[in-house]
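Inside the fold
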Amino acid sequence: MSTSPADSVPSDDERDVNGPSFADLGIDDRILRAIADVGYESPSPIQAATIPPLLDGADVVGLAQTGTGKTAAFAIPILMGLQGSGKQPQALVLAPTRELAIQVAEAFQKYSVHMPGVHVLPIYGGQNYAVQLNGLKRGAQVVVGTPGRVIDHLERGTLDLTQLRYLVLDEADEMLKMGFQEDVERILRDTPEDKQVALFSATMPPVIRKISKQYLKDPTEITVKAKTSTNTNITQRWVLVSYQRKLDALTRILEVESFEAMIIFVRTKQATEELAEKLRARGYSAAAINGDIAQAQRERTIGQLKSGVLDILVATDVAARGLDVDRISHVVNYDIPHDTESYVHRIGRTGRAGRSGEALLFVAPRERRLLDAIERATRQQVTEMQLPSVEDVNAQRVQKFGDTITENLASANLPLFRKLIEDYEREHNIPLVDIAAALAVGSYDGDNFFMEPDPEPAPRRDRDRDRGPRDFDDRGPRERREGPSRHRQTGAELATYRIAVGKRHKVAPGAIVGAIANEGGLRRSDFGHISIRPDHSLVELPADLSDETLNALSRTRISGQLIQLQLDQGPPGFRSGTGGRNPRRDSRSEKPRYERRKPRA
Ligand code: AMP
């Protein structure tokens, strides 16, 4: 295996200064325009290392995690290599989950926006077959799918991979954990011999090495070197926050955390401008710096940050290179960086000149696993913090209100206003406390002085679609809880289903969730408890699964084994012996003996 490891990826500050531009990588003009549209400034390390060998026709094995920019690393060379606008797929990307499949398909669409005639089709379990069949009939040069559904289409003869020229295995380790090894190998085997293969994985267990050895041709292996040290005077914390709530999270932190100056890192140029604007609208002295800002303006802005005219800088990695301002007490990673090197570089902007510094990292639910890599790279613990509550924010506002009074009591102008107020009090006979309150009304927005309490969480089923299943253990739902329950987060009524795979088949909870979620079109947050028994498993799922879902799940396999999902009917002596029949049909034809879970009192 030839390698193009760390040294092909310029490290740390060097990378920013000397790294290649997208144009240096030989990228097609139409794609360069699309990249400019989305606002990327320069290739991430995995992109700089992966795009050239893929353009040269080599197979690639990339050790890369989500958030590194690996999607563009394979999507760009594939789009450049498409030939003609024939109907058969030329590229197939296999992804472990439907969410990832949709996301990857969207990325392809984004990068091909100036390439008319390119069609990208996601296919995944849970989606109506008719939609996918129409899409396949219309023709798509790029198909992104979950392995189970791709095999399904191959078996039905609705997907023709005879013209395939690119195959990507995205998050290969996850796919195998989910029990898709057989499907993946079958696709590798049954597609044209001379295709180019790219395999991306966050880890490299022996089974992935074996697959890469068996099916890839002298692949270029790409790993991104992690720098291993950070100043120990920087305290690192992380907070779990969904994409939609980042701004709210940031404003709460800004209110509660006492900081001198702050640098906030985001991914794109547009995001620097947008976020700086939103912070200014909330009364903060904030400015954006990014690669588009002229050097003179950049220097002026940094000068203002140094002198205290500005307190917050919103920056991209490139724009913040080498930034050295002692006042920066906090670094906020609003968007998680591409790699641990960027992270180390970012947080090194604080804790300078012997001071201590605070680094905060926003982690969206699906990015959680990047934390381990960051802890390894910095050799320091990153502790979880809770977002300040509404009460914390309001207590802080009251405290600041008091501080302002205390501060103003020392003002040289106090005697002047004291005299005016005494006159007013005498003339109008109004208590002093009312006069003081009236003055505060002039300085504060009373309607918004206190932050509103969070609304009661609505029992919407998609509220926390990023969350994983609740928990796993070796006991079953029945042993654990007396009586029925609803899903803690979604409020959905749950029922216990039995599947015909257990410890004997070496299934892991992740494989069960992956297969059922993909093939049944369910979200991970739909899952309740999972209990893996010697020869079967019990899984809590919404009690009202549709016929279509049940049908899809009756055909689902895990580790090559048909799971025969059916409603659980209790211990053996009490079963009605329905075998592998469709549970929905069973539950209609006779009163089911399982207990449908009802809301807890
Ligand atoms: P991925 O690891 O492919 O899931 O990408 C993670 C995120 O990084 C996505 O939101 C991409 O849009 C973004 N991204 C990818 N490449 C770049 C780049 N060169 N500069 C800035 N953002 C990027």
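Residues numbered from 1 in each chain as written. Predicted model: local features only at pLDDT ≥ 70, side-chain atom pairs only at ≥ 80, totals over all residues. Heavy atoms only, no water.

Details of the pattern of salt bridges
The criterion, for reference: Salt bridges are counted wherever a side-chain nitrogen of Lys or Arg sits within 4 Å of a carboxyl oxygen of Asp or Glu. Helix and strand assignments come from DSSP, with helices taken as H or I runs of at least 4 residues and strands as E runs of at least 2, each series counted from the N terminus. Exposure is judged per residue with a 1.4 Å probe applied to protein chains only, and the accessible area is read against the type maximum: over 50% gives exposed, under 20% gives buried, and values in between give partly exposed.
One pass over the full model with this rule turns up 21 salt bridges. One salt bridge connects E174 with K177, and the closest N-O pair in it is separated by 3.1 Å. Of this pair, E174 and K177 both sit in helix α8 (residues 172-177), separated by three residues, roughly a single helical turn. Judged by its relative accessible area of 16%, E174 is buried. Residue K177 is classed as exposed on the basis of its relative accessible area, which comes to 51%. Between R327 and E260 there is a salt bridge, with the nearest N and O atoms lying 3.7 Å from each other. You can see R327 sitting in the loop between β11 (312-315) and β12 (328-333) and its partner E260 sitting in the loop between α11 (246-256) and β9 (261-265), a full 67 residues away along the chain. Take R327: its relative accessible area is 14%, and that puts it in the buried class.

Looking at the side chain of S112
Keep this limit in mind: Whether two residues touch is decided by their heavy atoms; if any such pair falls within 4.5 Å, the residues are in contact.
Checked against the element boundaries, S112 lands in the loop between α5 (98-111) and β3 (120-123). In contact with S112, not counting residues within four places along its chain, are L79 and V118.

Regarding the packing of aromatic side chains
Filter applied, for reference: When two rings of Phe, Tyr or Trp (its six-membered ring) have centres within 6.5 Å they constitute a pair, described as stacked for plane angles under 30 degrees, edge-to-face for angles over 60, and tilted for the intermediate range. To sit over a ring, a charge needs its Lys NZ or Arg CZ within 6 Å of the ring centre and within 35 degrees of the ring normal.
Throughout the structure, instances matching the rule amount to eight aromatic pairs. A network of ring pairs unites the aromatic residues F401, Y444, F449 and F450 as a single cluster. Against the face of Y129 rests R149, its NZ or CZ located 4.0 Å from the ring centre. Stacked on the ring of Y129, the Lys or Arg R156 has its end atom at 3.7 Å from the ring centre.

A few points about a nonpolar patch on the surface
Put simply, the rule reads: In this scheme, patches are assembled from residues that exceed 30% relative accessible area and form no salt bridge. Like charges are connected within 9 Å, while nonpolar side chains (Val, Leu, Ile, Met, Phe, Trp, Tyr) are connected within 5 Å. With residues, only the protein chains shown are counted as cover, and all accessible areas are computed by Shrake-Rupley using a 1.4 Å probe.
Together, L416, F417 and L420 line one region of the surface with nonpolar side chains, adding up to about 300 Å² of accessible area. Structurally, the position occupied by L420 is in helix α17 (residues 414-428). The partly exposed category is assigned to L420, whose relative accessible area is 47%.

Some words on the confidence of the model for the chain
Using the following cut-off: Predictor confidence is given residue by residue as pLDDT, running from a minimum of 0 to a maximum of 100.
Of all residues in the chain, 84% attain a pLDDT of 70 or more, and the chain-wide mean is 82. Contacts of residues 1-17 to residues separated by more than four positions or lying in other chains number 45 contacts, the stretch itself having pLDDT below 50. Between residues 572-601, whose pLDDT stays under 50, and residues either more than four places distant or in other chains, the model counts 60 contacts.

Some remarks on the nonpolar core
For the record, the criterion: As used in this record, nonpolar core signifies buried Ala, Val, Leu, Ile, Met, Phe, Trp, Tyr and Cys residues forming a set joined through side-chain atoms within 4.5 Å.
Core analysis: the biggest nonpolar cluster contains 39 residues, and I27, F74, I78, L79, F108 and V144 have the highest contact counts within it. Of all the secondary-structure elements, those providing two or more residues to this core are α2 (29-38), α3 (45-55), α4 (70-81), β2 (91-94), α5, β4 (142-145), β5 (166-169) and β6 (196-201). If we skip the residues at most four places from it in the chain, L79 touches I31, F108, Y111, S112, M115 and V118. Grouped together as the second largest cluster of nonpolar side chains are 30 residues, L136, M175, L176 and I211 included.

Observations concerning the environment of Q132
Convention followed: The term polar contact refers here to a pair of N or O atoms within 3.5 Å; inside protein, the definition further demands a hydrogen-donor-capable atom paired with an acceptor-capable atom, and it admits residues adjacent in sequence only when both atoms are side-chain atoms.
Residue placement: Q132 occurs in helix α6 (residues 129-138). Note on Q132: relative accessible area 1%, which makes it buried. The sequence separation of Q132 and P122 amounts to ten residues, and the corresponding C-alpha distance is 7.9 Å. Excluding residues within four positions of it along the chain, Q132 makes contact with L121, I123, Y124, Q127, R149 and H153. Within the structure, the side chain of Q132 is placed 3.2 Å from the side chain of R149, a separation counted as a polar contact.

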